[in-house]
Amino acid sequence: GEKAPAAQAAAFARSGSGNAFGFARSGSANFKKSMSRASLRVFTPSLAEHSSRMSVHDALKSAGVAAAAESVYIINPERSKFLQRWNIITMIALIFVAIVSPIQVAMLETKFDAIFVINCCTDVIFLADLILQFFIMYPKQTDYGPALEHRPRWIVHNYLQTWFIIDFISCIPFDLLALVSEADQGKTMKAVKVIRLLRLLKLARVLRASRVIRRIEVHAAISYGKLDLLKFFAILCMITHWLANLWALTLVLVDESDGVPRWVDSFTELETNVDVKTKDAPWKLYITCLYFTSYTITSVGYGDIGPVNTVEIVVCTLMIIVAGISWAIVLGQVCGIVANLQTEEQAFRQTMDELNFMMQDRVMPIELRQRLRSFFLSNKTAQRRARHQRIIGSMSPGLQGEVVMEINRRWITKVRILNTLMDQNPNTRLATQFSAFVVEVSQQLTLVVHAQSEVFGAPHVLYVLIRGLVSHYNRIRRSGSVWGSDFILCDSSLIEPCRSFALTYVELTKLDRAAFFRVLEKHKDACPELVQRVRRFCCWLAFQRALLKEARRRILAAEVEGGLLDDEHRDLSKDNRASSKASSKSWCFNASDAASDASRRPPEP
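### Topic: the overall build of the chain
When its secondary structure is counted, the chain shows 24 helices and 10 strands. When the 605 residues of the chain are sorted by exposure, 36% land in the buried category. In the chain, the share of contacts with a sequence separation of at least 24, taken over all contacts with a separation of at least 6, comes to 75%. Per element, the accessible surface of the chain, about 34,900 Å² overall, is 61% carbon and sulfur.

Dropping the structure here:
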């Protein structure tokens, strides 16, 4: 084969294959084996006919496309279960750093305790994550579409140019340095403060959250609107928390021994008879700073707390700028997200308003108005199903088939002709072609709705009830019921009565005979066996209905001769005897042709 397509296919296979841990399949040995067997493989139809889903690696292997040697240590982020669990651990460590580290820097003294041990554990986690990044594939754009880069050299090169510096700075053990510096009595107070401020560089780890969220996004089922709301709410809480600790940090930058007034001194007179002062209790100090930050962010204005020295004025000015910009952005984004979350409900309400205006302008009676409102209120589900059809239409043909079969599997088993076609050995060619036919038939279904007390029904139409109750042929049809399965017969005298009565608001999908035979005509050349199966089923069904019809005619005739019928039933008997038979067509026959054909060929079970 050509080198370029083979290389592309090999790269695509590497980006999509892996074991349970997501590691790419290795091995020069496997490569040599695939190369030795490559000349013996051909792309046969049996590969396309196989119904089970293959991996890309296996498909290329069966097609004879050999891949280059792969490293056993490269991790596929889309398939690795290990990486999914590792992302959860990393996210927990990030949340701990974002919440605890600012409090530890601004309010707590560094000492060997439980928080120090947990910080050391998070340092180990982030160091392991830094090393792990050298072995994780990253997405790239190629001439044949997006793919994952698997070559170790390019993975290392990309990581060194993007996230390595931030990850490396965040892995420096600032807690250990702070503990050593505070234990060393020879260091000046200014040096201790600098080292303490350097511990804030640990917050650079929070930037990792974007990568982790991007990986988790593939496995998340939450809507993007709700995800954005959750994200902005978390950002607002985090900014409030950080600014509160920044305001508390001013007490570290301006020490009590400097002789400069501080904002916390205003609480001294208020806490004369209090044992634990605000400046000595971290939890009191945090609540006070959070109170100050909250009315700063929300632009309420200053109250009993304010800056009293130059450092506090600078920090407060910075807080006002950051808080104002953050509040405006978050508030605007949240308003837009909330407005877009209910677009369907807003469109429905607009439709109801227009309906009310129309009924008022046309001076419609009150009873009709109530029926119309009830219909549109019940029709919300049908509108949602119509949007689902548009979503399915935007999928690829293969995905459309899978989704349609999953949605319609319940009623397909109740239609004899379709269930017969699906009841095949799944590993045969006929099963693949029959399944494609059934999928395309399912896509021809159209959604219809009927209000309560409406009479509906047309001959040669298959009905599937989705919602509501229907009275049909002396039976109560519930959700999931199917009737009109004899829609493929041409002779109207052989089919069951089609008139139905809506007991409630009903939603149905229907398939008419013309659409069914259009699909059959499309598959006629590719699969002649399909036409034969449908023809045989038509013959057998017409033969059965013809026997039943003739039996009813003879019973009525015998009862008429015996004088057991009144005038109304006698007229009905005459009408039944005078019913004409429809002309025979390509694969839909009248009763006599069906009986003769079925007598020559017994039906399959």
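### Quick notes on the packing of helix H12 (residues 224-253) against helix H14 (residues 310-341)
One way to put it is that H12 packs onto H14 with a least axis distance of 10 Å and a crossing angle of 170°. Of the possible angle classes, the one that applies to H12 and H14 is roughly antiparallel. Each residue belonging to the contact of H12 with H14 can be placed in one class, and the counts come to 20 nonpolar, four polar and three charged.

### Topic: the sheet that holds strand E4 (residues 455-456)
Strand order in this open sheet of four strands is E4-E9-E6-E7, and the pairing throughout is antiparallel. Looking along the sheet, the strands with just one partner apiece sit at the ends: E4 and strand E7 (475-477). Relative to strand E9 (residues 500-502), E4 is paired through two bridges, and the arrangement is antiparallel. Paired with Val-455 across the bridge in E9 is Phe-501.

### With respect to the confidence of the model for the chain
In the predicted model, the chain carries a mean pLDDT of 76, and the fraction of residues at 70 or more is 74%. Long-range and interchain partners of residues 58-69, a stretch whose pLDDT sits below 50, account for 27 contacts in this model, where long-range means more than four residues apart. For the stretch residues 577-605, pLDDT sits under 50, and the model shows 47 contacts to residues farther than four places along the chain or on other chains.

### As for the packing of aromatic side chains
Under the definition given, this model contains 19 aromatic pairs. For the ring pair Phe-134 and Tyr-159, a centre distance of 5.0 Å and an interplane angle of 85° mean the geometry is edge-to-face. Linking Phe-134 in the loop between helix H6 (114-132) and strand E1 (138-142) with Tyr-159 in helix H7 (residues 152-161), this pair joins segments that are 25 residues apart in sequence. Residue Phe-134 shares its accessibility class with Tyr-159, and that shared class is buried. An angle of 85° between the planes, with centres 4.9 Å apart, marks the rings of Tyr-291 and Tyr-295 as edge-to-face. Of this pair, Tyr-291 and Tyr-295 both sit in helix H13 (residues 282-297), separated by four residues, roughly a single helical turn. Through pairs of rings, three or more aromatic residues link up here, namely Trp-247, Trp-263, Phe-267, Tyr-291, Phe-292 and Tyr-295. Positioned over the ring face of Phe-232 is Lys-231, at 5.3 Å from the centre of the ring.

### Digging into the nonpolar core
If you look at the biggest cluster of nonpolar residues, it comprises 36 residues, and the most contacted ones within it are Trp-411, Leu-418, Phe-437, Leu-511 and Phe-516. Among the secondary structure elements, those contributing two or more residues to this core are helix H18 (397-412), helix H19 (416-422), helix H20 (429-442), strand E5 (461-467), helix H21 (513-523) and helix H22 (528-561). Top contributing element to this core by residue count: H22, with eight residues. Residues within four places of Phe-516 in sequence aside, it is in contact with Leu-418, Phe-437, Val-441, Phe-487, Ile-488, Leu-511 and Val-534. Counting 28 residues, the second-largest nonpolar core is a separate cluster that includes Ile-239, Leu-243, Trp-263 and Ile-337.

### Let's talk about the pattern of salt bridges
Side chains that carry opposite charge are capable of pairing whenever their charged atoms lie near each other. The tally for this structure, following the rule as stated, stands at nine salt bridges. Put simply, Lys-522 and Glu-440 hold a salt bridge, and the shortest N to O gap is 2.7 Å. Here the residue Lys-522 occupies a position in helix H21, and Glu-440 occupies one in helix H20, the gap between them amounting to 82 residues. You can call Lys-522 exposed: its relative accessible area is 59%. Residue class for Glu-440 comes out buried when judged on its relative accessible area of 16%. The partner of Glu-550 in a salt bridge is Arg-554, with the nearest N and O atoms 2.9 Å apart. In this pair, Glu-550 and Arg-554 are both assigned in helix H22, four residues apart and thus about one turn of the helix distant.

### Examining the pairing of E5
Looking down a regular strand, the side chains alternate between one sheet face and the other. The buried count for E5 comes to five of seven residues, which makes it a mostly enclosed element. Inspection of the sheet shows E5 paired to strand E10 (residues 506-512) by six bridges, in the antiparallel sense. If you follow Arg-467 over to E10, its bridge partner there is Glu-507. With two bridges connecting them, E5 and strand E8 (residues 482-483) associate as antiparallel partners. Within E8, the residue paired with Tyr-463 across the bridge is Trp-483.

### Some points on the sheet that holds E5
As a general point, the strands of a sheet are linked pairwise by backbone hydrogen bonds and lie either parallel or antiparallel. Taking strand neighbours across the sheet as the criterion, the four strands line up as E3-E10-E5-E8 in an open arrangement whose pairing is antiparallel. Lying at the two open borders of the sheet, with one neighbouring strand each, are strand E3 (446-450) and E8. Relative to E10, E3 runs antiparallel, the two being bridged by five bridges. Of the residues in E10, the one forming a bridge with Leu-447 is Thr-509.

### Points about the side chain of Ser-442
Tracing the chain through its elements places Ser-442 in helix H20. You can call Ser-442 buried: its relative accessible area is 5%. In contact with Ser-442, not counting residues within four places along its chain, are Val-404, Asn-408, Trp-411 and Ile-412.

Reading the values: the criteria
Every chain is numbered independently, its residues counted from 1 as its sequence is written. Predicted model: local features are reported for residues with pLDDT of at least 70 only, side-chain atom pairs are reported and counted for 80 or more only, and whole-chain, interface and lining totals are derived from all residues. Side-chain measures were taken over the full set of non-hydrogen atoms in the model, leaving aside hydrogen atoms and water. Strands here mean DSSP runs of E at least two residues long; helices mean DSSP runs of H or I at least four residues long; both are numbered from the N terminus. Throughout this description, buried means an accessible area under 20% of the type-specific maximum (1.4 Å probe, protein chains only), exposed means over 50%, and partly exposed covers the range between. In this analysis, two residues are considered to be in contact whenever any of their non-hydrogen atoms come within 4.5 Å of each other. Working definition of accessibility: Shrake-Rupley area with a 1.4 Å probe, residue cover restricted to the visible protein chains. Between N-to-C directions, angles span 0 to 180 degrees; the directions come from axes that are lines fitted to C-alpha atoms, helices contributing only their stretch in contact. Reported orientations rely on four angle classes, namely roughly parallel under 35 degrees, roughly antiparallel over 145, roughly perpendicular from 65 to 115, and oblique for the rest. In this count, Pro and Cys sit with the nonpolar residues alongside Ala, Val, Leu, Ile, Met, Phe, Trp and Tyr, while Asp, Glu, Lys and Arg are called charged and the others, Gly among them, polar. Note: two strands are recorded as paired if DSSP finds a minimum of 2 bridges between them. By definition, pLDDT measures how confident the predictor is in each residue, and it falls between 0 and 100. Centres within 6.5 Å are what make two rings of Phe, Tyr or Trp a pair, Trp counting through its six-membered ring; a difference in plane orientation under 30 degrees is then read as stacked, over 60 as edge-to-face, and the rest as tilted. In our convention, an over-ring charge means Lys NZ or Arg CZ found within 6 Å of a ring centre and within 35 degrees of that ring's normal. As used here, the term nonpolar core means buried Ala, Val, Leu, Ile, Met, Phe, Trp, Tyr and Cys residues forming a set that is joined through side-chain atoms within 4.5 Å. By definition here, a salt bridge exists when the distance from a side-chain nitrogen of Lys or Arg to a carboxyl oxygen of Asp or Glu is within 4 Å.

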